[in-house]
Amino acid sequence: MKQHGRKKIGVMGGTFDPIHIGHLATAEIVRMAYRLDQVLFIPNGLPPHKQDMQVTPAVHRYIMTLMATCSNPYFLVVPMEIERPGLSYTIDTVKKVLAEYGPETDLYCITGFDAILDLFTWKDAIQLLQLCQFVAVARLGYESRMIEKIDAFPLEAKHRIHILTAPRIDISATDIRQRVRQGGSIRYLVPETVEQYIYKERLYLD
């Protein structure tokens with residue numbers, strides 16, 4: 001429930017190479033659970049942890065994310081990272097979102113278990129936790145493992161990280177790219193419009 005008119009905004013960043021059903025379902029589960037007013041999908045520009053990896057040009061990832069989310073009125077694609085030169089750090093993105101939405105905004109960064117474990121390797125992690133909360137989506141039955149890991153975090157961090165259990169949707173962007181490369185089917189792993197776009201633009205064949 002909203003408090004004193006505050007906005008509740010979810011932030012879901014990712015390479016989205018390509019965006020798939022798992023991303024969409026996770027965002028919707030978190031939106032409903034936390035009664036978010038909106039979920040921002042923010043395709044990464046140049047992620048620091050993927051500098052040595054081949055990433056599909058941003059324009060394709062942005063278009064696919066638009067196609068995948070356009071039917072949900074609560075989802076919005078924001079190109080701020082792909083428009084910003086240099087490496088993309090979450091702290092910079094969160095600051096910009098807060099500047100655009102105003103101080104009466106509560107931000108919830110949506111992520112997974114592995115990302116939470118690496119959180120304190122992120123740039124300005126302590127400040128990041130002061131600016132936004134994190135929702136870590138856990139597979140059913142894995143909650144205790146996550147709680148155990150998060151209990152090792154500093155006290156001020158633990159209160160800013162929430163665990164949400166949900167059925168696991170075991171879809172991998174890496175697997176999707178490999179399936180395309182090998183001539184396999186990606187039907188029902190990505191939205192139909194995204195599937196068509198991948199084949200039309202001949203993505204992931206090299």
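Looking at an unreviewed UniProt entry, one finds the protein named Probable nicotinate-nucleotide adenylyltransferase, with Acetonema longum DSM 6540 as its source organism. Reading the Pathway (unreviewed entry) entry of the UniProt record for the protein gives the comment "Cofactor biosynthesis; NAD(+) biosynthesis; deamido-NAD(+) from nicotinate D-ribonucleotide: step 1/1." The Sequence similarities (unreviewed entry) field of the UniProt record for the protein holds the comment "Belongs to the NadD family."

The subject of this paragraph is the packing of aromatic side chains. Using the criterion set out here, one finds 4 aromatic pairs in the structure. Measuring from ring centre to ring centre gives 5.9 Å for Trp122 and Phe134, while their planes differ by 65°; the resulting arrangement is edge-to-face. Residue Trp122 is located in the loop between helix 5 (113–117) and helix 6 (125–131), and its partner Phe134 is located in strand 5 (residues 133–139); the two are separated by 12 residues in the primary sequence. When its relative accessible area of 26% is taken as the criterion, Trp122 is described as partly exposed. Overall, Phe134 belongs to the buried group, its relative accessible area being 1%. Site record: aromatic cluster; members linked through ring pairs are Phe16, Phe41 and Phe75. For Arg31, the ring lying beneath its charged end belongs to Tyr74, and the centroid distance is 3.9 Å. Above the ring of Tyr89, the side-chain terminus of Lys123 is found at 4.7 Å from the ring centroid.

Let us now look at the pairing of strand 4 (residues 105–112). Of all 8 residues that make up strand 4, 6 are buried, and the element is covered over most of its length. Across 5 bridges, strand 1 (residues 7–14) lies against strand 4 in parallel orientation. Of the residues in strand 4, the one forming a bridge with Ile9 is Leu107. Of the pairings in the sheet, the one linking strand 4 to strand 5 comprises 5 bridges and is parallel in character. Residue pairing in the sheet places Gly112 in a bridge with Val137 of strand 5.

Looking now at unusual backbone geometry. Following Asp17, the chain continues to Pro18 via a peptide bond in cis, the omega torsion being 5°. Summarising the element assignment, Pro18 is placed in the loop between strand 1 and helix 1 (21–34). Within the chain, Arg202 stands out as a residue other than glycine whose phi angle is a positive 55°. When you line up the elements, Arg202 lands in the segment after helix 10 (192–201).

With that settled, the discussion passes to the nonpolar core. In terms of nonpolar packing, the biggest core is built from 31 residues, with Ile19, Val30, Val39, Phe41, Met64 and Ile198 touching the most fellow members. By residue number, the principal contributor to this core is helix 1, which donates 4 residues. What Phe41 contacts, discounting residues up to four positions off in sequence, is Met12, Phe16, Ile19, His23, Leu24, Ala27, Thr65, Thr69, Phe75, Leu76, Val77 and Val78. Counting residues in hydrophobic clusters, the runner-up holds 23 residues, among them Ile9, Ile91, Val97 and Phe153.

In this section: the sheet that holds strand 4. The sheet built from 6 strands is open, its strands ordered 3-2-1-4-5-6 with parallel pairing. Each having just a single partner strand, strand 3 (75–77) and strand 6 (161–166) make up the two edges of the open sheet. The sheet shows a mean angle of 30° between the axes of neighbouring strands, taken without regard to direction. Sheet contacts for helix 1: strand 1, strand 2 (38–43), strand 3, strand 4, strand 5 and strand 6; angle to strand 6, the most-contacted strand, approximately 115°.

Cut-off values and rules
- Residues numbered from 1 in each chain as written.
- Predicted model: local features only at pLDDT ≥ 70, side-chain atom pairs only at ≥ 80, totals over all residues.
- Heavy atoms only, no water.
- UniProt positions renumbered as here; feature names shortened; annotations may be inferred.
- Phe/Tyr/Trp six-rings, centres within 6.5 Å; stacked < 30°, edge-to-face > 60°.
- Helix = DSSP H or I, 4+ residues; strand = E, 2+ residues; numbered from the N terminus.
- Buried < 20%, exposed > 50% of the residue type's maximum accessible area, 1.4 Å probe, protein only.
- Lys NZ or Arg CZ within 6 Å of the ring centre and 35° of its normal.
- Pairing = 2+ DSSP bridges.
- Core = buried A, V, L, I, M, F, W, Y, C linked by side-chain atoms within 4.5 Å.
- Contact = heavy atoms within 4.5 Å.
- Axes fitted to C-alpha atoms, helices over the stretch in contact; angles between N-to-C directions.

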